[in-house]
Amino acid sequence: MSTHVIVGAGPVGTAVARLLAEAGETVRVVTRSGSGLDHPLVERVAADAGDARRLSELTRGAAVLYNCANMAYTKWPELWPPVSAAMIKAAKENDAVLAITGNLYGYGPQPGGRMSEHTPLAATGRKGRVRIAMWEDALASGVRTFEARGSDYVGAGADGVFSAVLIPAITKGRTAWLPGDPDIPHTWTYIGDMARTLVTLARDERAWGRAWHVPSQPAVSVRDLAARYSELTGKPAVKLRRLPRWVMRTAGLAVPIARELAEMDYQFYGPFLLDSQETASTFGLTATSLDVALREESQSSSPTPSRRGSPAAPPTPTAVTPPK
């Protein structure tokens with residue numbers, strides 16, 4: 001039985017903790033508030049993950065340190081570097097594997113929207129550069145590490161365009177104003193598959209030293225995903241309206257979150273396609289049906305307030321009013 005340290009108790013961190021605990025592993029979850037999964041094998045600790053000395057103490061004896069942290073979406077350049085550096089230091093001092101929950105921001109816009117693990121990290125935006133630096137620092141440190149990269153999350157607790165814009169509209173029978181094209185193909189990653197990928201790869205030395213894509217179902221449009229959700233839940237189909245691209249860009253002049261959304265809007269105004277075949281074939285992992293993810297999402301009591309560091313964009317800011 002091994003000890004595992006997880007930084008973060010959001011949807012992914014909680015899913016990882018549950019998988020490990022149910023397998024009989026001991027888990028320590030580190031968050032600022034001391035929150036986390038309630039389980040006999042899970043210890044919850046309140047600590048600042050950016051405190052390198054404290055995190056190193058908490059990681060003592062651990063086999064794996066999981067980076068499942070979230071950061072305020074508007075403050076990545078300020079908040080991520082010290083936390084990432086502290087995790088690298090803690091993993092190195094304790095000879096632990098550093099398992100990083102990643103996303104696709106580092107690639108930037110790609111021709112045709114297609115991305116594999118071998119796509120160059122070419123992002124020029126603020127958030128993409130932050131993710132590139134985090135990954136390059138981890139590789140250069142000499143720790144045993146890997147990054148599992150997923151697309152926009154679906155599943156219990158997921159918070160993004162689908163959960164924040166589509167589900168409330170479906171539930172209330174209102175029109176959904178989508179910051180993007182509702183008919184383009186888009187890859188969605190199930191939170192449970194991200195957790196399984198992290199846990200599986202942390203145990204397999206073949207994974208270390210590179211990035212892997214989380215097995216995900218073939219891309220479907222927002223419109224098709226919304227239709228599947230309505231069919232599964234028995235709720236009326238939602239009417240989708242496309243929010244003009246200039247709305248977010250104009251709002252970004254005054255609203256910080258709108259500015260951050262506008263930087264990443266290429267994800268929803270063009271195809272966004274994740275190739276995860278190499279991970280699936282190497283480790284024998286398969287993607288869970290989107291129906292499972294959507295059922296979980298519909299049964300979730302409430303979505304998390306803000307994903308903040310997860311792959312998809314946060315919800316449309318309330319300061320932005322759809323055009324009449």
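As a starting point, this report considers the structure included with it. (Residues numbered from 1 in each chain as written. Predicted model: local features only at pLDDT ≥ 70, side-chain atom pairs only at ≥ 80, totals over all residues. Heavy atoms only, no water.)

Looking at the overall build of the protein
Looking only at helices and strands, one finds twelve helices and 13 strands in the protein. Taken over the C-alpha atoms alone, the protein extends approximately 60 × 40 × 40 Å along its principal axes. Residue pairs in contact within the protein that sit at least 24 positions apart in sequence constitute 77% of those at least 6 positions apart. Taking the average place of the 36 positive charges on the side chains of the protein and the average place of its 31 negative ones, the gap between the two points comes to 6 Å. (Helix = DSSP H or I, 4+ residues; strand = E, 2+ residues; numbered from the N terminus. Contact = heavy atoms within 4.5 Å. Lys, Arg positive; Asp, Glu negative; His and termini not counted. Charge placed at Lys NZ, Arg CZ, Asp CG, Glu CD.)

Brief notes about the pattern of salt bridges
Scanning all chains against the criterion turns up 20 salt bridges. Notably, a salt bridge pairs Lys89 with Glu93, separated by 2.5 Å at the nearest N-O pair. One end of the pair, Lys89, and the other, Glu93, are both in helix 3 (residues 76-94), four residues apart, so they sit about a helical turn from each other. Here Arg223 and Asp183 are joined by a salt bridge, their closest N and O atoms 2.5 Å apart. A residue pair is termed long-range when its members are at least 10 positions apart, and Arg223 in helix 7 (residues 222-233) and Asp183 in the loop between strand 9 (176-178) and strand 10 (188-190) qualify at 40 residues. Judged by its relative accessible area of 34%, Arg223 is partly exposed. Residue Asp183 is classed as partly exposed on the basis of its relative accessible area of 46%. Each of the salt bridges in this network shares a partner with another, and the network as a whole consists of Arg126, Lys127, Glu260 and Glu263. (Salt bridge = Lys/Arg side-chain N within 4 Å of Asp/Glu carboxyl O. Buried < 20%, exposed > 50% of the residue type's maximum accessible area, 1.4 Å probe, protein only.)

Some points on the packing of aromatic side chains
This structure, assessed with the given rule, holds seven aromatic pairs. Pairing Phe162 with Tyr229 gives two aromatic rings, centres 5.7 Å apart and planes at 80°, and the pair type is edge-to-face. Taken as a pair, Phe162 in helix 5 (residues 161-172) and Tyr229 in helix 7 lie far apart in primary sequence, 67 residues in all. Owing to a relative accessible area of 2%, Phe162 belongs among the buried residues under this scheme. On the accessibility criterion, Tyr229 (3% relative accessible area) is buried. Taken together, Phe162, Trp188, Tyr229 and Phe268 form an aromatic cluster joined through their ring pairs. A cation over an aromatic ring shows up here: Arg144 above the ring of Trp208, its NZ or CZ 5.0 Å from the ring centre. (Phe/Tyr/Trp six-rings, centres within 6.5 Å; stacked < 30°, edge-to-face > 60°. Lys NZ or Arg CZ within 6 Å of the ring centre and 35° of its normal.)

Examining helix 6 (residues 191-202)
The periodicity of an α-helix, 3.6 residues per turn, causes residues three or four positions apart to be oriented the same way. For helix 6, spanning twelve residues, the distance from its first C-alpha to its last is 17 Å, which sits close to the expected 16 Å at 1.5 Å a residue. Of all twelve residues in helix 6, ten are buried, a share of seventy percent or more. Those residues of helix 6 that fall on the buried side of the exposure criterion are Ile191, Gly192, Asp193, Met194, Ala195, Thr197, Leu198, Val199, Leu201 and Ala202. (Expected span 1.5 Å × (residues − 1).)

Description of helix 5
Taking 1.5 Å per residue, twelve residues should reach 16 Å; helix 5 reaches 16 Å between its end C-alpha atoms and fits that length. Along helix 5, the residues classified as buried are Val161, Phe162, Ser163, Val165, Leu166, Ile167, Ala169 and Ile170. Those residues of helix 5 hidden inside the fold are in contact with strand 9, strand 10, helix 7, strand 12 (240-242), helix 10 (266-269) and helix 12 (290-299). Note on helix 5: the residue one or two positions beyond its end, Gly173, has a positive phi of about 70°.

What about the nonpolar core?
Core analysis: the largest hydrophobic core is formed by 37 residues, its most contacted members being Val7, Leu65, Trp76, Trp80, Met87 and Leu98. The set of elements that each furnish at least two residues to this core consists of strand 1 (3-7), helix 2 (52-58), helix 3, strand 5 (97-102) and helix 4 (126-141). Counting residues per element, this core draws most heavily on helix 3, which supplies eight residues. Once residues lying within four places of it in the same chain are set aside, the contact partners of Leu98 are Leu65, Met87, Ile88, Ala91, Ala138, Val143, Arg144, Thr145 and Phe146. (Core = buried A, V, L, I, M, F, W, Y, C linked by side-chain atoms within 4.5 Å.)

Quick notes on the environment of Glu296
Within the fold, Glu296 resides in helix 12. Sequence-distant contacts of Glu296, that is, excluding residues within four places in its chain, are made with Gly155, Ala156 and Tyr190.

As for the pairing of strand 1
Working note: regular strand, side chains alternate between the two faces of the sheet. Judged by how many residues are buried, strand 1 sits mostly within the fold: four of five residues are covered. Inspection of the sheet shows strand 1 paired to strand 2 (residues 26-31) by five bridges, in the parallel sense. Within strand 2, the residue paired with Val7 across the bridge is Val30. Running through helix 1 (residues 11-22), the crossover from strand 1 to the neighbouring parallel element strand 2 is right-handed. Bridging between strand 1 and strand 4 (residues 64-67) involves four bridges; their strand directions are parallel. Its bridge partner lying in strand 4, His4 is registered against Val64. (Pairing = 2+ DSSP bridges. Right-handed = clockwise from strand over helix to strand, strands pointing away.)

Topic: the sheet that holds strand 4
If you walk across this open sheet you meet the seven strands as 3-2-1-4-5-7-11, and the pairing is parallel. Because the sheet does not close on itself, it has two edges, and the strands there are strand 3 (42-46) and strand 11 (210-213). Taken over all neighbouring pairs, the strand axes of this sheet differ in orientation by 20° on average, direction set aside. Where helix 4 meets the sheet, it contacts strand 4, strand 5, strand 7 (145-149) and strand 11, and its direction lies at approximately 150° from that of strand 7. Set on the sheet, helix 6 makes contact with strand 4, strand 5, strand 7 and strand 11; between it and strand 7 the angle comes to about 160°. (Axes fitted to C-alpha atoms, helices over the stretch in contact; angles between N-to-C directions.)

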